[in-house]
Amino acid sequence: MSKTTAQKPADGRRQRTERSRAAIVSAAVDLVNEGVLIPTAQQIAERAGVGLRTFFRHFEDMSSLFVAVDESIRDEYIALTLGGDRKGTLDERIEHAVDRHAEVYEQNTNIALCTAAQRWKYEFLRKNYAKMQRGLRKDLDDWLPELTQLDKAYREAVDAIASFEMWYRLREHQGLSKAASRELISTLIKDILARR
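Residues numbered from 1 in each chain as written. Predicted model: local features only at pLDDT ≥ 70, side-chain atom pairs only at ≥ 80, totals over all residues. Heavy atoms only, no water.

**Regarding the pattern of salt bridges**
To keep things clear, this is the line we draw: By definition here, a salt bridge exists when the distance from a side-chain nitrogen of Lys or Arg to a carboxyl oxygen of Asp or Glu is within 4 Å. Only DSSP runs of H or I covering at least 4 residues are called helices, and only runs of E covering at least 2 are called strands; the numbering of each starts at the N terminus. Accessibility here uses a 1.4 Å probe with only protein chains present; expressed as a share of the type maximum, an area under 20% marks a residue as buried, one over 50% as exposed, and anything in between as partly exposed.
The tally for this structure, following the rule as stated, stands at 15 salt bridges. Close ionic contact of R171 with E106 constitutes a salt bridge, the shortest N to O distance being 2.8 Å. Note that R171 is positioned in helix α9 (residues 164-173) and E106 in helix α5 (residues 90-107), a separation of 65 residues in sequence. The exposure class of R171 is partly exposed, given its relative accessible area of 26%. A salt bridge links E156 to K152, with the nearest nitrogen and oxygen atoms 3.5 Å apart. Note that E156 and K152 are positioned in helix α8 (residues 152-161) at a spacing of four residues, about one turn of the helix. Here the residues in one salt-bridge network are R137, D141, K152, R155, E156 and D159, joined through shared partners.

Here it is, written out as structure tokens:
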């Protein structure tokens, strides 16, 4: 048997393995985006079209799956926070920053809810959530360097106002539209920055 013939089956198995793994990760993301905030291994395997044994051959537990899911969506998430017109008056920059964060929250609502629902259970999710919070705070500082002039309590208040939790409360629990939520958050941040 030639070397090329022996490599072809191995390459085919590797490609099937990679396809199965990618299908599992994609199925997990799809289920969460559809509102299944705590999908089971069985649900994910069924959606991916693989057996439960195949699922656990790729991922020893759900925590390792969440690591792979994070890796698969991280670049897209980061891209949402980058860019934007960071020039202009303070009011314009506040509105642009709130618009950008609102877009991130709207596109990642179920991912954020999934993380919140399972954060207590998985160390990786707790660390990832804390990292995300630091990133959002830094992004807000990049948009609004004036925040450094605020007293600590007011700076913390801005983070609370600009948070996913505030956004979700306004949209889901209070029934505000995107536009009304953006306007309210922008107004509150403007009011706080007027105190400096």
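After that view, the rundown keeps rolling.
**A closer look at the packing of aromatic side chains**
Heads up, the rule is: Stacked, edge-to-face and tilted labels apply to pairs of Phe, Tyr and Trp rings (six-membered ring for Trp) whose centres lie within 6.5 Å, assigned for plane angles under 30 degrees, over 60, and everything in between, in that order.
Scanning all chains against the criterion turns up five aromatic pairs. For the pair F55 and F56, a centre-to-centre distance of 4.9 Å together with 80° between the ring planes defines the contact as edge-to-face. Relative to Y122, the ring of F66 lies with its centre 5.3 Å away and its plane at 65°, an arrangement referred to as edge-to-face. In this pair, F66 sits in helix α4 (residues 62-81) while Y122 sits in the loop between α6 (109-118) and α7 (123-143), placing the two residues 56 residues apart along the sequence. Y122 matches F66 in its accessibility class, with the two residues each being buried.

**A few points about the confidence of the model for the protein**
Any region with low pLDDT has predicted coordinates that should not be read closely. What counts, and what does not: Within a predicted model, pLDDT stands for the predictor's per-residue confidence, ranging from 0 to 100.
For the protein, per-residue confidence averages 90 on the pLDDT scale, and residues scoring 70 or more make up 94% of the total. Here helix α1 (residues 3-33) is the element of the protein with the lowest mean pLDDT, 79, and helix α10 (residues 178-193) is the one with the highest, 98.

**Some thoughts on α10**
Here is the rule: Given the number of residues in a helix, its expected span is that number minus one, multiplied by 1.5 Å. Think of it as the arc spanned by the lines of direction from the helix axis to the C-beta atoms. By definition, residues are in contact when any of their heavy atoms lie within 4.5 Å.
The terminal C-alpha atoms of α10 lie 22 Å apart, and with 16 residues this matches the ideal 22 Å at 1.5 Å per residue to within 8%. Residues of α10 that are buried: S181, I185, S186, I189, I192 and L193. When α10 is viewed along its axis, its buried side chains cluster within an angular range of 125° and face the same direction. Where α10 is buried, its residues contact α5, α8 and α9.

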